[in-house]
Amino acid sequence: MRPFYYLGVLSVFFVVIFQASSEDVGINGGLNCAVCTAFIALVEQLMEIKNYSVQETLEKICGFLPHPANVDCKRAVEYMEPVLIELIIQKNGPDVVCNAINFCHTDEGYPACTTIIPPFESRELTFAQKVARARQHVQHHLLKFPRRMLVCDIPGIRNICKWVTKSFVNREPLADLDKDGFSPSMSYRGTAWRGRDCSDVLPDIHPGAVPIDRDIFYDSNCNGIFGLNNVTGQPYEDELCAMSESRGVLALGDSISAHFSLPPNWLDATKISKEAFKHLKMIIENEFDWPMLSSVTGHGNNSWTEVIRGPMVSIYNKMVERNRCNHRDYQNIAENGEHSFSIHKLMKTMSRNPTRDKPLLVSFALVGNDICRGAHETLENMTTPEEMYRNTMITLEFLNKKAPVGSYVAILGLADGRVLYDFMKHRIHPIGTFWQDFTYGQFYDFINCLKISPCPAWMNTNSTIRNIGAKRVEELNKALEVLVKKNKGRFSNLNILYFENPFKRVIAKWINSGGFGWQLVEPSDGFHSNQIGQAITAEVSWEMMKELVPEAMGPVNPHNKRIQELFGDQGGF
């Protein structure tokens, strides 16, 4: 399991449960407790807002979902509705309800994990007494429930879990007949992640390929430029692209590079609607990631403004503006929760032939998981500087074998995430918007108590833990700087560069323009950068490249206007 998947389960509630919820991850019910708590909080707030009954509210939520998820939702409601009606109308609150029906519990030797949203009744009873009383009221219903409830065991939800799990199986395009690593379809690691394949039956035809027969007869590199100029007798690919030093863009990294983002209006009772779930299928099939809008491989237009808003700016787009021969030559090889120990496995899914394809500009960014993988109390499992150095060398050696001569690798340092807590601690999390009593600080405490936090180093109210994380970030970044200095010129096909993480510059740029830091943060998890943050990251990174290594961008193609006149949008995306 990847830790960032865990957070997704908490935020999305019961309808979008993925593979982790079929396991008993964490303590005191872990993920399953978090999902139950979020869902009950949503139901109770929606009841108050709309003045619905429990039954009406549950039916309404299922009605928000597209087919066939709405059918599976109704099956789950039929199973859970009798016990939920009794518990919710008593105004027990999410914590008590979820403990009463066994999604949450208190393991021996651990404190109870509660959100206390909202504290409906007097505090004359202890939490354990409230749970016992609630359980007594529904004892006759509990006979059909197992002692330890798992969300994916609920009838109907099982089907949703299987569907979502399928989305996390492949790291290569699912629809790829010629097995060249590129697809004509969008989802399941398709064109959202990699340039659209213009022939899915011939493996030598794909984005980034060196033209076959000078592209006189067909477009072999999928950039939309082909044919013969009848006036000059020369192929257009030769005239417009041959001397342009075109190159592709590759993002290699974690959830920041993949652009993990959960629609906040899925869990905000004041905004949830049928429109909010319009793109549910596409979102799940892309692993809750938005590589097509990310800072490195963003492309095309934002067609999903119902759930994600903000400008689309990317390194790839800027590379195409600079040279339209780069069209469609992008790959996003990133995964939620990726870290330096496992990135070499993910790299095997990249598509590049060192002798038959064009060079690459690689963004190698493991922004946080080598810090986030630490233990919840001590952070003792954080990657050491020696491990970071060794793991990065393994990555570069692999890249050197796969990337064509003249490729550039920009190694980004890790981010000091302490600022996230300062931005978010007192703000209200979407799951408590209507009640206005569940802050991100409480959210961090809750997921840390359950031991399901994707990043206990940064998502933590304990400043000592955050400072330990910051110290290790300095050490790991120093190791990366030393690596680049020691190994410049070592790799036959790669030019390696170290860039400080642009995080601080991004924040400064936004605040100087009149914005607030929290406006750059993904509201559902209080951790990732949102669409605004991704766009500014692209702008800042591009400026850093222009300043430090302009040759990595390639020259401006003087034929760009002519390409647009002849080939329009070059086949789009």
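Residues numbered from 1 in each chain as written. Predicted model: local features only at pLDDT ≥ 70, side-chain atom pairs only at ≥ 80, totals over all residues. Heavy atoms only, no water.

(A) Structural detail: the overall build of the chain. Broken down by element type, the chain carries 21 helices and five strands. Compactness check: the chain gives a C-alpha radius of gyration of 25 Å against a globular reference of 25 Å for 573 residues, within 12% of the reference. Its C-alpha atoms give the chain principal-axis dimensions of roughly 85 × 50 × 40 Å. Residues classed as buried in the chain amount to 61% of the 573 residues present. (Helix = DSSP H or I, 4+ residues; strand = E, 2+ residues; numbered from the N terminus. Rg over C-alpha atoms; globule rule 2.2 N^0.38 Å. Buried < 20%, exposed > 50% of the residue type's maximum accessible area, 1.4 Å probe, protein only.)

(B) Structural context of unusual backbone geometry. Between His67 and Pro68 the backbone carries a cis peptide bond, its omega angle lying at 5°. Note that Pro68 resides in the loop between helix H3 (54-64) and helix H4 (69-89). Positive phi outside glycine occurs at Lys91, with the angle close to 55°. For Arg214, which is not glycine, the phi dihedral falls at a positive 60°. Note on placement: Arg214 falls in the loop between helix H8 (157-167) and helix H9 (236-241).

(C) Layout of the state of the cysteines. For the structure shown, the criterion picks out eight disulfides. The disulfide partner of Cys36 is Cys98, and the gap between their sulfur atoms is 2.1 Å. Disulfide Cys36-Cys98: the torsion about the S-S bond is -95°, which places it as left-handed. Placement of the pair is Cys36 in helix H2 (residues 30-50) and Cys98 in helix H5 (residues 94-100), with a sequence separation of 62 residues. Owing to a relative accessible area of 7%, Cys36 belongs among the buried residues under this scheme. Its relative accessible area of 0% is what places Cys98 among the buried residues. Across the disulfide, Cys152 is cross-linked to Cys161 (sulfur-sulfur distance 1.9 Å). (Disulfide = S-S within 2.5 Å.)

(D) Geometry of the sheet that holds strand E4 (residues 407-412). Within the open sheet, the five strands sit side by side as E2-E1-E3-E4-E5. Their pairing is parallel. The outermost strands of the open sheet, each flanked by one partner alone, are strand E2 (330-334) and strand E5 (494-499). Each strand of the sheet is rotated relative to its neighbour by a mean of 15°, with strand direction disregarded. Two strands pair when backbone bridges link them, and strand E3 (residues 360-365) and E4 are joined in this way by four bridges, in the parallel orientation. The partner of Ser363 across the bridge, within E4, is Ala410. Each of E4 and E5 is contacted by helix H18 (residues 463-487), which is oriented at about 150° to E5, the strand it contacts most. (Pairing = 2+ DSSP bridges. Axes fitted to C-alpha atoms, helices over the stretch in contact; angles between N-to-C directions. Contact = heavy atoms within 4.5 Å.)

(E) Layout of H2. Between its terminal C-alpha atoms H2 stretches 31 Å, which fits the 30 Å expected from 21 residues at 1.5 Å a residue. Counting buried positions over the 21 residues of H2 gives 18, a clear majority of the element. Positioned one or two residues after H2, Asn51 has a phi angle of 60°, which is positive. (Expected span 1.5 Å × (residues − 1).)

(F) Representation of helix H15 (residues 385-402). Its 18 residues place the ends of H15 26 Å apart at the C-alpha level, agreeing with the 26 Å of an ideal helix rising 1.5 Å per residue. The complete set of buried residues in H15 reads Pro385, Met388, Asn391, Thr392, Met393, Thr395, Leu396, Leu399 and Asn400.

(G) Region of the structure containing the side chain of Thr383. Inspection of the secondary structure assignment puts Thr383 in the loop between helix H14 (369-372) and H15. Of the polar contacts made by the side chain of Thr383, one reaches the side chain of Asp370; its length is 2.6 Å. (Polar contact = N/O pair within 3.5 Å; in protein donor to acceptor, adjacent residues only side chain to side chain.)

(H) Structural view of a nonpolar patch on the surface. Together, Leu177, Val201 and Leu202 make up a nonpolar patch on the protein surface, roughly 340 Å² of accessible area in all. The topology assignment puts Leu202 in the loop between H8 and H9. A residue is classified by how much of its surface remains accessible, and Leu202, at 44% relative accessible area, is partly exposed. (Patch = residues over 30% accessible without salt bridge, like charges linked within 9 Å, V, L, I, M, F, W, Y side chains within 5 Å. Areas by Shrake-Rupley, 256 points an atom, 1.4 Å probe, with all protein chains shown as cover. Salt bridge = Lys/Arg side-chain N within 4 Å of Asp/Glu carboxyl O.)

(I) View of the packing of H3 against H4. At a minimum axis distance of 9 Å, the contact between H3 and H4 shows a crossing angle of 155°. Here H4 runs roughly antiparallel to H3, going by the angle between their axes. Note that H3 runs across H4; the crossing there is right-handed. Packed against H3, whose contacting residues are Val54, Gln55, Leu58 and Cys62, the element H4 presents Asn70, Cys73, Lys74, Val77, Glu81, Leu84, Ile85, Ile88 and Ile89 at the interface. (Parallel < 35°, antiparallel > 145°, perpendicular 65-115°, else oblique. Left-handed = near helix turned anticlockwise from the far one by under 90°.)

(J) Looking closely at the environment of Ser340. Inspection of the secondary structure puts Ser340 in the loop between E2 and helix H13 (343-347). Look at Ser340 and you get buried, because its relative accessible area is 3%. Spatially, the C-alpha atom of Ser340 lies 6.6 Å from that of Met388, the residues being 48 residues apart in sequence. When sequence neighbours within four positions are dropped, the list of residues in contact with Ser340 reads Leu366, Asp370, Thr383, Met388 and Asn391. Among the polar contacts listed, one links the side chain of Ser340 to the side chain of Asp370, at a separation of 2.7 Å.

(K) Geometry of the confidence of the model for the chain. Taken residue by residue, the chain gives an average pLDDT of 90. The fraction at 70 or more is 94%. A low-confidence stretch, residues 1-23 (pLDDT under 50), is modelled with 101 contacts involving residues beyond four sequence positions or located in other chains. (pLDDT = per-residue confidence, 0-100.)

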